[in-house]
Structures are given as C-alpha cells and as structure tokens.
Amino acid sequence: NKPIIGWDGKPLTEEKEVTIPTFRVATVFDLSQTEGEPLPSLGVDELTGNVADFKKFYAALEKISPMPIGYEDIDTGAKGYCNFEEQRIAVKNGMSEVQQLKTLIHEIAHAKLHNILKEKSTELTPEEQKNNRTMEVEAESVAYTVCQRYGIDTSDYSFGYVAGWSKDKELPELNASLDTIQKTANEIILGIIIKSLQRILSRPNRKRIIHNLRAGILTADTLQSIQTLIICKYFLMKSRTIISAPN
C-alpha cells in the first residue's frame, strides 16, 4: 500500500474519470393534463360477487356482533361505520354480498377493538391509545383474515385499503398490531363456528341428524354437521377455550 515514487522523487499519480449522479429540475405534467388509456390503480373501489350461504353467514355475524347492525344509505363514500356514541353498526345499502360481509366484519372488528368513547380516551395510557390509521389497519386486516378463512377473496380491496392507511407508519407500530389482529380474527372465526354449530345442532336438527347417521343416510346437512364439529373441536383445542353449552 506504499506509493510508487517516480524519477523526480514524487509519488506517481493517475487520472481517473468518476461519474457522479445528479438530478436536474424538469417540467412534468399532472395526470389530468394527459390523454390516453386510464392508468391502472391499486385495488378496487368495491368488491363484487355473491357468497355461498350468505344469509347463514350474515346471521352468525349478527349474533356475535357486540352492537346491533342496520342498513342505511351512506353518501360519505364509506361502506359502513361503527358509531361508538350510539353503540350501533351501519352498513351501506346496495352493495354486493362479498362487500357486505367484508364491511360487516371490518365494523365488528372496530366494535370489539376500539369501542372506547371519546370522553374515556383520556383514561388510557399513551401506549393504549390508537390513532385512526392504526385502528383502520387492524379492522381491515381482521376482515381480510376472516374472509380468507371462508374462501372469500377481498385482496383487491383490502390490500389497497391497508396500504393507504399504513402509509408512513413505522415497522414496530405495525408489528405491535399483528397479535391483536390474529387474536381478534380467531375470536370472530370461532364465534361463527359456534353459532353455526348451535344452529345445525338445534334440537329438531339434532334428532334428524342422529336418525340419519343411524340409518346410514349421509345428507348434505349431516356431512356439514360432522365437518363443523371437527372444525369446532380443532379451534377449541387451538384456543384452549372452554365454552359452556347454552341451556
């Protein structure tokens, strides 16, 4: 690493050309000033499609919701909202079955996680207080997770929604919500299973199902009951939750 000395007693030097990247000011056009095909956007404004057993799914969600649910015309652009002051959930009229269920689960997540009246928010520690961005990321992530469990793909809507609300959030903040999202999604999934099980194994259905099993008749209802029992047992074991049967 010692310099090479030339005939004149001075270190030899070498000229080397170095390119330094720089930026310059340029004129650009706003999207509204351009013409052509519409540019692709992230996600969709509203989900479309129907859901198998929509009424049964909705009925189960209605039973596990902490607040009563109603439909109304909403002209603010929102698909639904959770009114903490009046303790109720509203879902926009006229949406597809997929969007209805996704929105309803989103608002149920709000009701379960963020049901704190403004006048009581001062009683919380700074760590317990959550801003709107965090609450929306949590609610939509729960909705996406629950829908995925039942084969309802909401990624076209949910990914863009979460990306928008999580903008500029630090990674530790997002990681802090992951446990909350997972626990709440599991709670809702388990609630749906329990309510479905109670409906399927209601007293009239239970007698018919037992009769069919003894007779070797495997109807769709019987197979669904067996499947529900297996799934319910799995989630009960995973969550280690003891659930008392209704009287």
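Below is a summary of the structure that appears in this document. As the structure is a computational prediction, the values presented were derived from the model and not from experiment. (Residues numbered from 1 in each chain as written. Predicted model: local features only at pLDDT ≥ 70, side-chain atom pairs only at ≥ 80, totals over all residues. Heavy atoms only, no water.)

Section: the sheet that holds strand S1 (residues 69-72)
Strands sit in the order S1-S3-S2 across an open sheet of three strands; the sheet is mixed. The open sheet has two edge strands, S1 and strand S2 (80-83), and neither has a second partner. Adjacent strand axes in the sheet meet at a mean angle of 25 degrees, parallel and antiparallel pairs treated alike. Strand direction decides the pairing type here: S2 and strand S3 (residues 88-92), joined by four bridges, are antiparallel. Of the residues in S3, the one forming a bridge with Tyr81 is Ala90. (Pairing = 2+ DSSP bridges. Helix = DSSP H or I, 4+ residues; strand = E, 2+ residues; numbered from the N terminus. Axes fitted to C-alpha atoms, helices over the stretch in contact; angles between N-to-C directions.)

A few points about helix H1 (residues 54-64)
Listing the buried residues of H1 in full gives Phe54, Phe57, Tyr58, Ala60, Leu61 and Ile64. Seen end-on, H1 carries its buried residues on one side only, within an arc spanning 160 degrees. Opposite its buried face, H1 presents the exposed residues Lys55 and Lys63, each directed more than 90 degrees away. (Buried < 20%, exposed > 50% of the residue type's maximum accessible area, 1.4 Å probe, protein only. Arc of directions from axis to C-beta.)

Things to note about the packing of aromatic side chains
Each aromatic ring pair is summarised here by two numbers: the centre-to-centre distance and the angle between the ring planes. Counted under the stated rule, the structure contains five aromatic pairs. Seen from their ring centres, Tyr144 and Phe159 are 5.3 Å apart, and the 50 degrees between their planes marks the pair as tilted. With Tyr144 in helix H3 (residues 132-149) and Phe159 in helix H4 (residues 155-165), this residue pair connects regions lying 15 residues apart in the sequence. Judged by its relative accessible area of 23%, Tyr144 is partly exposed. Assessed through its relative accessible area of 48%, Phe159 is described here as partly exposed. Counting every residue linked through ring pairs, the aromatic cluster contains Phe54, Tyr58 and Tyr71. It is Lys102 that lies over the ring of Tyr161; its NZ or CZ is 5.7 Å from the centre. (Phe/Tyr/Trp six-rings, centres within 6.5 Å; stacked < 30°, edge-to-face > 60°. Lys NZ or Arg CZ within 6 Å of the ring centre and 35° of its normal.)

Concerning the pattern of salt bridges
All told, the structure shown has five salt bridges when counted by the stated rule. The partner of Glu187 in a salt bridge is Lys112, and the shortest N-O contact between them spans 2.8 Å. Taken together, the residues Glu187 in helix H5 (residues 171-200) and Lys112 in helix H2 (residues 97-113) connect sequence positions 75 residues apart. Taking relative accessible area as the criterion, Lys112 reaches 28% and is therefore assigned partly exposed. Across the pair Asp179 and Lys183 runs a salt bridge whose closest N-O atoms are separated by 3.3 Å. Residue Asp179 and its partner Lys183 are located together in helix H5, separated by four residues, close to a single helical turn. According to the relative accessible area criterion, Asp179 is partly exposed, its value standing at 41%. (Salt bridge = Lys/Arg side-chain N within 4 Å of Asp/Glu carboxyl O.)

Digging into the side chain of His114
Here His114 lies in the loop between H2 and H3. Within the local environment of His114, its side chain forms a polar contact with the side chain of Glu138, the two groups lying 2.8 Å apart. Discounting chain neighbours no more than four positions away, the residues touching His114 are Phe84, Ala109, Lys130, Met135 and Glu138. (Polar contact = N/O pair within 3.5 Å; in protein donor to acceptor, adjacent residues only side chain to side chain. Contact = heavy atoms within 4.5 Å.)

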